[in-house]
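# Descriptive analysis of the structure
So the chains spell out like this:
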Amino acid sequence: MKVHPFQVPKPLHQNLIVQVDREPIFYNRLHQHAEIQFTLIVKAKGKLIVGDSIHPFKDGDFFVIGPHCPHMFKNDKSEAMSHKISLFFTEHTFGASFFELPDLEELQPLLDISREGFQIIGNTEPIQKLMVQLPGLEKLDRFVAFFQLLKRLGHADKKTLTNFVYPKKIGNSQGRRMQTIFEYVVTHFQSEIDLNTVAAQVHMTPNAFCKFFKQHTNKTFFQFLIELRIEHACQLLNRSEDQLSILEISEQSGFSSISNFNRQFKKLKGVTPSRFSAQQEDGKAVSIPI
């Protein structure tokens, strides 16, 4: 199944859409679709841009992305193949009133939070096993596994991905502009980026660009840029094998001043970079049996 910007085509005679991505680079363009998306990162590291927020991802992470929420997975360049498994469905996949059946009342809180999107925190191993099985299952077995998955997700610990609720679906023209902006920033965030240059990418004046970006992300451009740089720094801090100093991580994340890096990092994460690095030692990724 090829995913196009702002649209996920539904294969004929298939309600639950399962997609397996094994490739060097994931589909890394900003896009949205009517379906709720479940995604397991089997093997990859990178950043998920979703709504107005940025989240790092690694092996074993599981995300739920709400309908019509712009997002893109930007994985790090690697010689190894990246691998993720996604499941797409809507609240009307099995009929207009299916999820309103009294027997499925237990699922309503999960469906409500799925409209915003969330990440599972803590142990994801039982969810990983179900997701890994999905691509090889026939229709009835896939249906059963889907509801086992919903039950697991309903009881799992979660954190919301974005609090910004989009008032309407982003049109193609607006979407292309946002896609261009995100692609430029994700490619150049490690270097200096000025407002005139990024606004020129979408043929706008700086003032018009700032209003446009705030309207579609609920934050300023430079807030977004700083968050992207800090999330990149978090990934570098997690890679103990690289043995990078805090100064080197600051520079590789696009900060020209280490004092500003430390200040912005603590503002967003609540701890200093060195303290954050120490806290990650107990949170290694769980391997996934394939």
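Please refer to the structure higher up on the page.
Overview of the structure. (Residues numbered from 1 in each chain as written. Predicted model: local features only at pLDDT ≥ 70, side-chain atom pairs only at ≥ 80, totals over all residues. Heavy atoms only, no water.)

As a further point, take the nonpolar core. Note that soluble globular proteins tend to have their nonpolar side chains buried in a common cluster. With 29 residues, the main nonpolar core has Phe38, Phe62, Phe99, Met131 and Phe146 as its most contacted residues. Counting residues per element, this core draws most heavily on helix α3 (residues 139-155), which supplies six residues. For Phe62, the residues in contact, after removing those within four places along its chain, are Phe38, Thr39, Leu40, Phe118, Gln119, Ile120, Ile127, Met131 and Leu153. Formed by 23 residues, the second largest nonpolar core is a distinct cluster that contains Leu30, Phe182, Phe189 and Phe224. (Core = buried A, V, L, I, M, F, W, Y, C linked by side-chain atoms within 4.5 Å. Buried < 20%, exposed > 50% of the residue type's maximum accessible area, 1.4 Å probe, protein only. Helix = DSSP H or I, 4+ residues; strand = E, 2+ residues; numbered from the N terminus. Contact = heavy atoms within 4.5 Å.)

Centre distance and the angle of the planes are the two values used to describe a pair of aromatic rings. Scanning all chains against the criterion turns up 27 aromatic pairs. Geometrically, the ring pair formed by Phe89 and Phe146 is edge-to-face, given 4.9 Å between the ring centres and 70 degrees between the ring planes. On the criterion of sequence distance, the pair formed by Phe89 in strand β7 (residues 82-89) and Phe146 in helix α3 is long-range, its members being 57 residues apart. Judged on exposure class, the residue Phe89 and its partner Phe146 are both buried. With 5.2 Å between their ring centres and 80 degrees between their planes, Phe146 and Phe147 make a pair best called edge-to-face. According to the relative accessible area criterion, Phe146 is buried, its value standing at 0%. Given the relative accessible area of 18%, Phe147 is considered buried. An aromatic cluster is defined as three or more aromatic residues linked by ring pairs; in this entry it consists of Phe38, Phe62, Phe89, Phe94, Phe98, Phe99, Phe143, Phe146 and Phe147. Just above the ring of Phe118 sits the side chain of Lys158; from NZ or CZ to the centre is 5.8 Å. Here the guanidinium or amino end of Arg177 rests over the ring plane of Phe212, the centre of that ring lying 5.8 Å away. (Phe/Tyr/Trp six-rings, centres within 6.5 Å; stacked < 30°, edge-to-face > 60°. Lys NZ or Arg CZ within 6 Å of the ring centre and 35° of its normal.)

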